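Take a look at the letters that make up each chain.
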Amino acid sequence: MAKTKRLCLLLARLMALGATLSAAIVMATSHEKASFYAVSFEAKYDNTPAFKYFVIANAVASVYGLLVLFLPSKSLLWRLVIVLDVVFTMLVTSSISAALAIAEVGKKGNSSAGWLPICAQVQKYCDQVKGALIAGFIGAIIYLLLLLYSIHNVWDPLFKQNT
Amino acid sequence: MATQGGGKSEVGVNSSPALKPKDWVLLSLRLVAFFATATATIVMALNKQTNTVVVATVGNTPVKVAVTAKFQQTPAFVFFVVANAMASFHNWMMIVVEFYGHKIDYKGLRLAIIAILDMMTVALASAGDGAATFMADLGKNGNSHARWNKICDKFHAYCDRGSGALIASFIGLLILLIINVMSISKLLKPKHTAYIGVP
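Residues numbered from 1 in each chain as written. Chains lettered and ligands numbered in written order. Predicted model: local features only at pLDDT ≥ 70, side-chain atom pairs only at ≥ 80, totals over all residues. Heavy atoms only, no water.

Overview of the overall build of chain A
In step 1: Summing up its helical and strand segments, chain A has 4 helices and 2 strands in all.
In step 2: Across chain A, helices and strands are ordered from the amino to the carboxyl terminus as α-β-β-α-α-α.
In step 3: On C-alpha atoms alone, chain A measures out to a radius of gyration of 20 Å, which is more than a quarter above the 15 Å that the 2.2 N^0.38 rule sets for 163 residues.
In step 4: Once the C-alpha set of chain A is aligned to its principal axes, its extents read approximately 75 × 30 × 20 Å. (Helix = DSSP H or I, 4+ residues; strand = E, 2+ residues; numbered from the N terminus. Rg over C-alpha atoms; globule rule 2.2 N^0.38 Å.)

Right, here's the structure in full:
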(Lines give C-alpha, C1' and ligand atoms only; values in the text may rest on other atoms or scores of the structure.)
Protein backbone atom coordinates (compact mmCIF):
# COMPACT_ATOMS: atom_id res chain seq x y z
CA MET A 1 0.00 0.00 0.00
CA ALA A 2 2.78 2.37 0.94
CA LYS A 3 4.61 1.45 -2.23
CA THR A 4 1.67 2.38 -4.49
CA LYS A 5 1.31 5.62 -2.54
CA ARG A 6 4.94 6.44 -3.14
CA LEU A 7 4.61 5.53 -6.79
CA CYS A 8 1.55 7.76 -7.21
CA LEU A 9 3.36 10.64 -5.52
CA LEU A 10 6.42 10.18 -7.71
CA LEU A 11 4.26 10.06 -10.83
CA ALA A 12 2.40 13.21 -9.83
CA ARG A 13 5.63 15.10 -9.19
CA LEU A 14 7.04 13.93 -12.52
CA MET A 15 3.93 15.18 -14.31
CA ALA A 16 4.14 18.52 -12.53
CA LEU A 17 7.79 18.82 -13.53
CA GLY A 18 6.92 17.97 -17.13
CA ALA A 19 4.06 20.44 -17.28
CA THR A 20 5.96 23.41 -15.83
CA LEU A 21 9.08 22.67 -17.87
CA SER A 22 7.16 22.41 -21.14
CA ALA A 23 5.21 25.58 -20.33
CA ALA A 24 8.43 27.53 -19.77
CA ILE A 25 10.11 26.16 -22.89
CA VAL A 26 7.15 26.60 -25.22
CA MET A 27 6.60 30.16 -24.06
CA ALA A 28 10.27 31.05 -24.32
CA THR A 29 10.54 29.81 -27.88
CA SER A 30 7.48 31.61 -29.16
CA HIS A 31 8.56 34.08 -31.76
CA GLU A 32 7.03 35.44 -34.94
CA LYS A 33 7.80 38.19 -37.37
CA ALA A 34 5.02 39.69 -39.46
CA SER A 35 4.75 42.74 -41.62
CA PHE A 36 1.54 44.60 -41.80
CA TYR A 37 1.27 47.42 -44.34
CA ALA A 38 5.04 48.01 -44.41
CA VAL A 39 5.12 48.06 -40.63
CA SER A 40 7.30 45.27 -39.31
CA PHE A 41 5.81 43.51 -36.36
CA GLU A 42 7.85 41.24 -34.19
CA ALA A 43 6.12 39.27 -31.49
CA LYS A 44 8.29 37.71 -28.82
CA TYR A 45 7.57 36.66 -25.25
CA ASP A 46 10.08 39.33 -24.13
CA ASN A 47 7.73 42.14 -25.10
CA THR A 48 5.33 41.51 -22.23
CA PRO A 49 6.37 41.49 -18.56
CA ALA A 50 3.56 39.03 -17.79
CA PHE A 51 4.97 36.42 -20.17
CA LYS A 52 8.48 36.97 -18.82
CA TYR A 53 7.13 36.36 -15.30
CA PHE A 54 5.38 33.23 -16.59
CA VAL A 55 8.61 31.81 -18.02
CA ILE A 56 10.62 32.64 -14.90
CA ALA A 57 8.01 31.26 -12.48
CA ASN A 58 7.62 28.00 -14.40
CA ALA A 59 11.38 27.61 -14.74
CA VAL A 60 11.88 28.06 -10.99
CA ALA A 61 9.02 25.62 -10.27
CA SER A 62 10.64 23.05 -12.59
CA VAL A 63 13.98 23.35 -10.80
CA TYR A 64 12.19 22.89 -7.46
CA GLY A 65 10.29 19.89 -8.85
CA LEU A 66 13.53 18.32 -10.03
CA LEU A 67 15.24 18.84 -6.65
CA VAL A 68 12.31 17.36 -4.74
CA LEU A 69 12.40 14.20 -6.86
CA PHE A 70 15.85 13.42 -5.52
CA LEU A 71 14.91 13.79 -1.86
CA PRO A 72 15.22 10.50 0.09
CA SER A 73 11.91 9.32 1.42
CA LYS A 74 12.64 9.23 5.17
CA SER A 75 14.34 12.61 5.41
CA LEU A 76 13.07 15.28 7.81
CA LEU A 77 13.09 17.78 4.97
CA TRP A 78 9.64 16.55 3.85
CA ARG A 79 8.07 18.95 6.35
CA LEU A 80 9.85 21.83 4.62
CA VAL A 81 8.69 20.44 1.29
CA ILE A 82 5.05 20.88 2.30
CA VAL A 83 5.61 24.54 3.15
CA LEU A 84 7.59 25.10 -0.04
CA ASP A 85 4.79 23.38 -1.98
CA VAL A 86 2.42 26.11 -0.80
CA VAL A 87 4.80 28.85 -1.91
CA PHE A 88 5.39 27.30 -5.32
CA THR A 89 1.70 26.61 -5.88
CA MET A 90 1.09 30.28 -5.20
CA LEU A 91 3.82 31.27 -7.66
CA VAL A 92 2.60 29.02 -10.46
CA THR A 93 -1.05 30.02 -9.95
CA SER A 94 -0.30 33.73 -10.05
CA SER A 95 1.90 33.35 -13.13
CA ILE A 96 -0.75 31.47 -15.12
CA SER A 97 -3.38 33.98 -14.07
CA ALA A 98 -1.26 36.97 -15.12
CA ALA A 99 -0.35 35.41 -18.47
CA LEU A 100 -4.01 34.54 -19.11
CA ALA A 101 -5.08 38.12 -18.40
CA ILE A 102 -2.59 39.60 -20.87
CA ALA A 103 -3.25 36.91 -23.49
CA GLU A 104 -6.96 37.69 -23.27
CA VAL A 105 -6.24 41.34 -24.02
CA GLY A 106 -4.08 40.23 -26.94
CA LYS A 107 -6.82 38.05 -28.34
CA LYS A 108 -9.89 40.17 -27.75
CA GLY A 109 -8.50 43.65 -27.20
CA ASN A 110 -10.07 46.11 -24.81
CA SER A 111 -12.39 48.56 -26.52
CA SER A 112 -12.71 50.84 -23.48
CA ALA A 113 -8.97 51.42 -23.37
CA GLY A 114 -8.50 51.56 -27.12
CA TRP A 115 -6.36 48.43 -27.26
CA LEU A 116 -6.65 46.45 -30.47
CA PRO A 117 -6.26 42.65 -30.56
CA ILE A 118 -3.02 41.46 -32.14
CA CYS A 119 -3.73 37.79 -32.70
CA ALA A 120 -4.94 38.31 -36.23
CA GLN A 121 -1.50 39.50 -37.32
CA VAL A 122 0.62 36.96 -35.49
CA GLN A 123 -1.43 33.77 -35.57
CA LYS A 124 1.41 31.30 -35.02
CA TYR A 125 2.70 33.23 -32.00
CA CYS A 126 -0.79 33.26 -30.48
CA ASP A 127 -1.17 29.51 -30.97
CA GLN A 128 2.15 28.79 -29.32
CA VAL A 129 1.32 31.03 -26.38
CA LYS A 130 -2.01 29.22 -26.07
CA GLY A 131 -0.18 25.88 -25.87
CA ALA A 132 2.19 27.21 -23.21
CA LEU A 133 -0.76 28.52 -21.19
CA ILE A 134 -2.52 25.15 -21.32
CA ALA A 135 0.64 23.40 -20.08
CA GLY A 136 1.01 25.99 -17.32
CA PHE A 137 -2.61 25.49 -16.28
CA ILE A 138 -2.13 21.73 -16.05
CA GLY A 139 0.99 22.34 -13.95
CA ALA A 140 -0.95 24.60 -11.58
CA ILE A 141 -3.71 22.02 -11.14
CA ILE A 142 -1.23 19.22 -10.47
CA TYR A 143 0.57 21.38 -7.89
CA LEU A 144 -2.76 22.04 -6.14
CA LEU A 145 -3.58 18.32 -6.09
CA LEU A 146 -0.08 17.53 -4.81
CA LEU A 147 -0.57 19.99 -1.96
CA LEU A 148 -3.90 18.41 -1.00
CA TYR A 149 -2.28 14.99 -1.13
CA SER A 150 0.68 16.14 1.03
CA ILE A 151 -1.66 17.50 3.69
CA HIS A 152 -3.66 14.26 3.65
CA ASN A 153 -0.46 12.24 3.85
CA VAL A 154 0.86 14.19 6.82
CA TRP A 155 -2.38 14.15 8.77
CA ASP A 156 -3.41 10.55 8.16
CA PRO A 157 -0.39 8.63 9.57
CA LEU A 158 -0.42 10.84 12.69
CA PHE A 159 -3.84 9.50 13.60
CA LYS A 160 -3.24 5.90 12.57
CA GLN A 161 0.05 5.64 14.47
CA ASN A 162 -0.06 3.34 17.49
CA THR A 163 2.74 4.80 19.67
CA MET B 1 -10.11 1.44 19.29
CA ALA B 2 -7.12 3.18 20.79
CA THR B 3 -7.09 5.69 17.96
CA GLN B 4 -10.82 6.40 18.40
CA GLY B 5 -10.30 7.20 22.08
CA GLY B 6 -7.32 9.35 21.23
CA GLY B 7 -9.31 11.22 18.62
CA LYS B 8 -12.17 11.95 21.00
CA SER B 9 -9.91 13.28 23.73
CA GLU B 10 -8.16 15.51 21.19
CA VAL B 11 -11.45 17.11 20.18
CA GLY B 12 -12.40 17.37 23.89
CA VAL B 13 -9.27 19.36 24.71
CA ASN B 14 -9.80 21.62 21.70
CA SER B 15 -13.23 22.70 22.91
CA SER B 16 -11.93 24.36 26.11
CA PRO B 17 -13.12 27.99 26.16
CA ALA B 18 -9.82 29.70 27.02
CA LEU B 19 -7.71 30.63 23.98
CA LYS B 20 -4.00 29.86 24.26
CA PRO B 21 -1.50 32.71 23.59
CA LYS B 22 -0.57 31.27 20.18
CA ASP B 23 -4.22 31.45 19.14
CA TRP B 24 -4.26 35.18 19.81
CA VAL B 25 -1.41 35.66 17.33
CA LEU B 26 -3.26 33.64 14.70
CA LEU B 27 -6.51 35.46 15.42
CA SER B 28 -5.00 38.93 15.14
CA LEU B 29 -3.25 37.93 11.91
CA ARG B 30 -6.57 36.76 10.53
CA LEU B 31 -8.17 40.04 11.53
CA VAL B 32 -5.49 42.07 9.75
CA ALA B 33 -5.78 39.84 6.65
CA PHE B 34 -9.57 40.29 6.71
CA PHE B 35 -9.24 44.06 6.80
CA ALA B 36 -6.60 44.08 4.07
CA THR B 37 -8.58 41.94 1.63
CA ALA B 38 -11.86 43.71 2.44
CA THR B 39 -10.21 47.08 1.80
CA ALA B 40 -8.82 45.84 -1.52
CA THR B 41 -12.26 44.57 -2.57
CA ILE B 42 -14.11 47.73 -1.65
CA VAL B 43 -11.57 50.18 -3.08
CA MET B 44 -11.39 48.37 -6.41
CA ALA B 45 -15.15 47.86 -6.60
CA LEU B 46 -15.77 51.57 -6.15
CA ASN B 47 -13.03 52.53 -8.58
CA LYS B 48 -14.50 54.77 -11.26
CA GLN B 49 -13.41 57.93 -12.98
CA THR B 50 -15.07 60.03 -15.65
CA ASN B 51 -13.21 62.44 -17.88
CA THR B 52 -14.74 64.76 -20.42
CA VAL B 53 -12.80 64.83 -23.64
CA VAL B 54 -13.22 67.32 -26.41
CA VAL B 55 -13.68 65.24 -29.52
CA ALA B 56 -14.38 67.77 -32.23
CA THR B 57 -15.36 71.35 -32.70
CA VAL B 58 -18.58 72.06 -34.55
CA GLY B 59 -18.65 75.70 -35.44
CA ASN B 60 -17.86 77.50 -32.19
CA THR B 61 -19.01 74.88 -29.70
CA PRO B 62 -16.67 72.01 -28.78
CA VAL B 63 -18.24 68.57 -28.75
CA LYS B 64 -17.52 66.93 -25.42
CA VAL B 65 -17.71 63.23 -24.75
CA ALA B 66 -17.63 61.72 -21.29
CA VAL B 67 -15.19 58.82 -21.12
CA THR B 68 -15.47 56.58 -18.09
CA ALA B 69 -12.91 54.23 -16.69
CA LYS B 70 -14.39 51.60 -14.42
CA PHE B 71 -13.13 48.32 -13.09
CA GLN B 72 -15.77 46.25 -14.95
CA GLN B 73 -14.12 47.02 -18.28
CA THR B 74 -11.17 44.80 -17.44
CA PRO B 75 -11.91 41.10 -16.75
CA ALA B 76 -8.72 40.84 -14.69
CA PHE B 77 -9.98 43.48 -12.26
CA VAL B 78 -13.36 41.78 -12.02
CA PHE B 79 -11.56 38.56 -11.09
CA PHE B 80 -9.47 40.55 -8.60
CA VAL B 81 -12.59 41.88 -6.87
CA VAL B 82 -14.22 38.43 -6.76
CA ALA B 83 -11.06 36.71 -5.49
CA ASN B 84 -10.48 39.26 -2.72
CA ALA B 85 -14.15 39.16 -1.74
CA MET B 86 -13.93 35.39 -1.33
CA ALA B 87 -10.66 35.70 0.60
CA SER B 88 -12.16 38.21 3.05
CA PHE B 89 -15.25 36.00 3.43
CA HIS B 90 -12.98 33.06 4.24
CA ASN B 91 -11.07 35.10 6.82
CA TRP B 92 -14.29 36.31 8.42
CA MET B 93 -15.68 32.75 8.59
CA MET B 94 -12.45 31.52 10.20
CA ILE B 95 -12.63 34.27 12.85
CA VAL B 96 -16.28 33.42 13.57
CA VAL B 97 -15.51 29.69 13.79
CA GLU B 98 -12.63 30.44 16.17
CA PHE B 99 -14.97 32.18 18.57
CA TYR B 100 -18.24 30.31 18.19
CA GLY B 101 -17.34 26.97 16.70
CA HIS B 102 -16.42 25.07 19.82
CA LYS B 103 -19.61 23.02 19.93
CA ILE B 104 -19.38 21.64 16.41
CA ASP B 105 -18.10 18.08 16.19
CA TYR B 106 -15.38 18.02 13.57
CA LYS B 107 -14.54 14.33 14.10
CA GLY B 108 -10.87 15.29 14.53
CA LEU B 109 -10.71 16.90 11.09
CA ARG B 110 -10.66 20.51 12.29
CA LEU B 111 -7.03 21.34 11.63
CA ALA B 112 -6.99 19.57 8.28
CA ILE B 113 -10.10 21.40 7.05
CA ILE B 114 -8.67 24.75 8.16
CA ALA B 115 -5.33 24.04 6.46
CA ILE B 116 -6.99 22.94 3.20
CA LEU B 117 -9.35 25.93 3.08
CA ASP B 118 -6.48 28.29 3.84
CA MET B 119 -4.45 26.77 1.04
CA MET B 120 -7.26 27.19 -1.49
CA THR B 121 -7.78 30.80 -0.46
CA VAL B 122 -4.06 31.50 -0.86
CA ALA B 123 -4.14 30.05 -4.38
CA LEU B 124 -7.23 32.07 -5.33
CA ALA B 125 -5.94 35.34 -3.88
CA SER B 126 -2.54 34.93 -5.52
CA ALA B 127 -4.18 34.34 -8.90
CA GLY B 128 -6.29 37.48 -8.52
CA ASP B 129 -3.27 39.53 -7.48
CA GLY B 130 -1.10 38.28 -10.33
CA ALA B 131 -3.64 39.10 -13.01
CA ALA B 132 -4.45 42.55 -11.60
CA THR B 133 -0.78 43.50 -11.16
CA PHE B 134 0.11 42.90 -14.76
CA MET B 135 -3.04 44.55 -16.11
CA ALA B 136 -2.26 47.59 -13.96
CA ASP B 137 1.29 47.60 -15.29
CA LEU B 138 -0.13 47.48 -18.82
CA GLY B 139 -2.40 50.43 -18.07
CA LYS B 140 0.46 52.38 -16.52
CA ASN B 141 3.19 51.74 -19.07
CA GLY B 142 1.36 50.56 -22.14
CA ASN B 143 3.02 48.16 -24.51
CA SER B 144 4.83 49.74 -27.44
CA HIS B 145 5.29 46.44 -29.28
CA ALA B 146 1.56 45.80 -29.45
CA ARG B 147 0.69 49.46 -29.95
CA TRP B 148 -1.29 49.63 -26.71
CA ASN B 149 -1.28 53.12 -25.23
CA LYS B 150 -1.09 53.75 -21.54
CA ILE B 151 -4.21 55.09 -19.89
CA CYS B 152 -2.85 56.28 -16.54
CA ASP B 153 -1.85 59.70 -17.84
CA LYS B 154 -5.51 60.50 -18.50
CA PHE B 155 -7.08 58.79 -15.50
CA HIS B 156 -4.85 59.63 -12.54
CA ALA B 157 -7.35 59.00 -9.75
CA TYR B 158 -8.45 55.65 -11.23
CA CYS B 159 -4.84 54.45 -11.39
CA ASP B 160 -4.02 55.69 -7.89
CA ARG B 161 -7.00 53.96 -6.33
CA GLY B 162 -6.24 50.80 -8.30
CA SER B 163 -2.66 50.69 -7.03
CA GLY B 164 -3.89 51.30 -3.47
CA ALA B 165 -6.24 48.32 -3.77
CA LEU B 166 -3.38 46.21 -5.18
CA ILE B 167 -1.05 47.09 -2.30
CA ALA B 168 -3.73 46.22 0.28
CA SER B 169 -4.32 42.95 -1.49
CA PHE B 170 -0.60 42.09 -1.47
CA ILE B 171 -0.44 42.69 2.27
CA GLY B 172 -3.48 40.45 2.70
CA LEU B 173 -1.90 37.74 0.56
CA LEU B 174 1.37 37.81 2.51
CA ILE B 175 -0.46 37.51 5.83
CA LEU B 176 -2.66 34.73 4.42
CA LEU B 177 0.48 32.85 3.41
CA ILE B 178 1.90 33.20 6.93
CA ILE B 179 -1.40 32.01 8.40
CA ASN B 180 -1.43 29.02 6.06
CA VAL B 181 2.11 28.05 7.01
CA MET B 182 1.14 28.33 10.69
CA SER B 183 -1.95 26.12 10.18
CA ILE B 184 0.09 23.50 8.34
CA SER B 185 2.78 23.52 11.04
CA LYS B 186 0.02 22.93 13.61
CA LEU B 187 -0.87 19.80 11.66
CA LEU B 188 2.74 18.65 11.63
CA LYS B 189 3.27 19.04 15.37
CA PRO B 190 4.05 15.79 17.23
CA LYS B 191 1.46 16.92 19.84
CA HIS B 192 -1.09 14.68 18.07
CA THR B 193 0.86 11.50 18.72
CA ALA B 194 1.10 12.35 22.43
CA TYR B 195 -2.71 12.09 22.68
CA ILE B 196 -2.81 8.79 20.81
CA GLY B 197 -0.36 7.18 23.23
CA VAL B 198 -2.24 8.20 26.41
CA PRO B 199 -4.44 5.31 27.61
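Once you've had a look at it, read on.
Quick notes on the overall build of chain B
In step 1: Regarding its fold elements, chain B presents 6 helices and 2 strands.
In step 2: The linear arrangement of helices and strands in chain B, starting from the amino end, is α-α-β-β-α-α-α-α.
In step 3: By residue count, 43% of the 199 residues in chain B fall in the buried class.
In step 4: Considering only residue pairs separated by 6 or more positions, chain B has 76% of its internal contacts joining residues 24 or more positions apart. (Buried < 20%, exposed > 50% of the residue type's maximum accessible area, 1.4 Å probe, protein only. Contact = heavy atoms within 4.5 Å.)

A closer look at the UniProt feature "transmembrane region" (unreviewed entry) in chain A
All names here are of chain A.
In step 1: With numbering matched to this structure, UniProt assigns "transmembrane region" (unreviewed entry) to residues 50-70, 77-102 and 132-151.
In step 2: End-to-end, the C-alpha atoms of residues 50-70 are 31 Å apart, and along that stretch the chain is 95% helix and 0% strand.
In step 3: Annotated as residues 132-151, this span is 100% helix and 0% strand, and its ends, taken at the C-alpha atoms, are 29 Å apart. (UniProt positions renumbered as here; feature names shortened; annotations may be inferred.)

Considering the side chain of B:S169
Residues and elements named next belong to chain B.
In step 1: With respect to the helices, strands and loops of the structure, S169 is situated in helix α5 (residues 156-188).
In step 2: Residue class for S169 comes out buried when judged on its relative accessible area of 1%.
In step 3: With residues up to four places along the chain from it excluded, the contact list for S169 reads A40, F80, N84 and D129.

Describing the state of the cysteines
In step 1: Inspection of every chain in the model, using the stated rule, returns 2 disulfides over all chains.
In step 2: Across the disulfide from A:C119 sits A:C126; the S-S distance is 1.8 Å. Sign of the S-S torsion, about -90° for the bond between A:C119 and A:C126, identifies this disulfide as left-handed. The pair formed by A:C119 and A:C126 is uniform in burial state, with each residue classed as buried.
In step 3: Between the sulfur atoms of B:C152 and its disulfide mate B:C159 the distance is 1.7 Å. The sign of the S-S torsion, about -95°, decides the handedness of the disulfide formed by B:C152 and B:C159: left-handed. (Disulfide = S-S within 2.5 Å.)

Some thoughts on the environment of B:R161
Residues and elements named next belong to chain B.
In step 1: Within the fold, R161 resides in helix α5.
In step 2: The exposure class assigned to R161 is partly exposed, which follows from its relative accessible area of 35%.
In step 3: Separated by 117 residues in sequence, R161 and M44 have C-alpha atoms that sit 7.1 Å apart.

Quick notes on the pattern of salt bridges
Residue and element names in this part refer to chain A.
In step 1: Inspection of the entire model under this criterion finds 4 salt bridges over all chains.
In step 2: In this structure, R13 and D85 form a salt bridge, with 3.1 Å as the shortest nitrogen-oxygen distance. In this pair, R13 is assigned in helix α1 (residues 2-28) and D85 in helix α3 (residues 78-108), connecting sequence segments 72 residues apart. You'll find R13 and D85 in the same group, each marked buried. (Salt bridge = Lys/Arg side-chain N within 4 Å of Asp/Glu carboxyl O.)

Concerning the nonpolar core
Taken as a class, soluble globular proteins show a tendency for nonpolar side chains to be buried jointly.
In step 1: Residues A:M27, A:F54, A:W115 and B:M135 are the most contacted members of the largest nonpolar core, which totals 59 residues.
In step 2: Apart from residues no more than four positions distant in its own chain, A:F54 is found in contact with A:A23, A:M27, A:S95, A:I96, A:A99, A:A132, A:L133 and A:G136.
In step 3: One finds A:I151, B:A112, B:A115 and B:L177 within the second-largest nonpolar core, a separate group that totals 19 residues. (Core = buried A, V, L, I, M, F, W, Y, C linked by side-chain atoms within 4.5 Å.)

Regarding the UniProt feature "transmembrane region" (unreviewed entry) in chain B
In step 1: Mapped onto the present numbering, the UniProt feature "transmembrane region" (unreviewed entry) falls on residues 24-46, 76-97, 109-128 and 163-182 of chain B.
In step 2: Secondary structure content for residues 163-182 of chain B is 100% helix and 0% strand, and the end C-alpha separation is 29 Å.

Some remarks on the confidence of the model for chain B
Residue and element names in this part refer to chain B.
In step 1: Confidence in the prediction of chain B, expressed as mean pLDDT, is 81, and 83% of residues score 70 or more.
In step 2: Taken element by element, the predicted model of chain B shows its lowest mean pLDDT in helix α6 (residues 191-197) (42) and its highest in helix α3 (residues 75-100) (91).
In step 3: In the predicted structure, residues 192-199 sits below a pLDDT of 50 and forms 15 contacts with residues beyond four places in sequence or in another chain.
In step 4: Here the prediction assigns the complex a pTM of 0.83, and the interface score ipTM is 0.85. (pLDDT = per-residue confidence, 0-100.)

What about the packing of aromatic side chains?
In step 1: If you walk through the whole model with that rule in mind, you get 5 aromatic pairs over all chains.
In step 2: With 5.6 Å between their ring centres and 50° between their planes, B:F34 and B:F35 make a pair best called tilted. (Phe/Tyr/Trp six-rings, centres within 6.5 Å; stacked < 30°, edge-to-face > 60°.)

A look at a nonpolar patch on the surface
Residue and element names in this part refer to chain B.
In step 1: Taken together, the side chains of V53, V55, V58, V63, V65 and V67 define a hydrophobic patch exposed on the protein surface, amounting to about 420 Å² of accessible area.
In step 2: For the nonpolar patch, the secondary-structure elements that each account for two or more residues are β1 (48-58) and β2 (61-70).
In step 3: With respect to the helices and strands, V53 occurs in strand β1.
In step 4: For V53, a relative accessible area of 36% corresponds to the partly exposed category. (Patch = residues over 30% accessible without salt bridge, like charges linked within 9 Å, V, L, I, M, F, W, Y side chains within 5 Å. Areas by Shrake-Rupley, 256 points an atom, 1.4 Å probe, with all protein chains shown as cover.)

Brief notes about the packing of α1(A) against helix α2 (residues 49-69) of chain A
Residue and element names in this part refer to chain A.
In step 1: Remark: α1 packs on α2, axes separated minimally by 8 Å, with the N-to-C direction vectors making an angle of 150°. Comparing the axis directions of α1 and α2 gives the class roughly antiparallel. Judged by the sense of rotation from one axis to the other, the crossing of α1 with α2 is left-handed. Touching L10, R13, L14, L17, T20, L21, A23, A24, M27 and A28 of α1 are F51, F54, V55, N58, A59, A61, S62, G65, L66, V68 and L69, all from α2. (Axes fitted to C-alpha atoms, helices over the stretch in contact; angles between N-to-C directions. Parallel < 35°, antiparallel > 145°, perpendicular 65-115°, else oblique. Left-handed = near helix turned anticlockwise from the far one by under 90°.)

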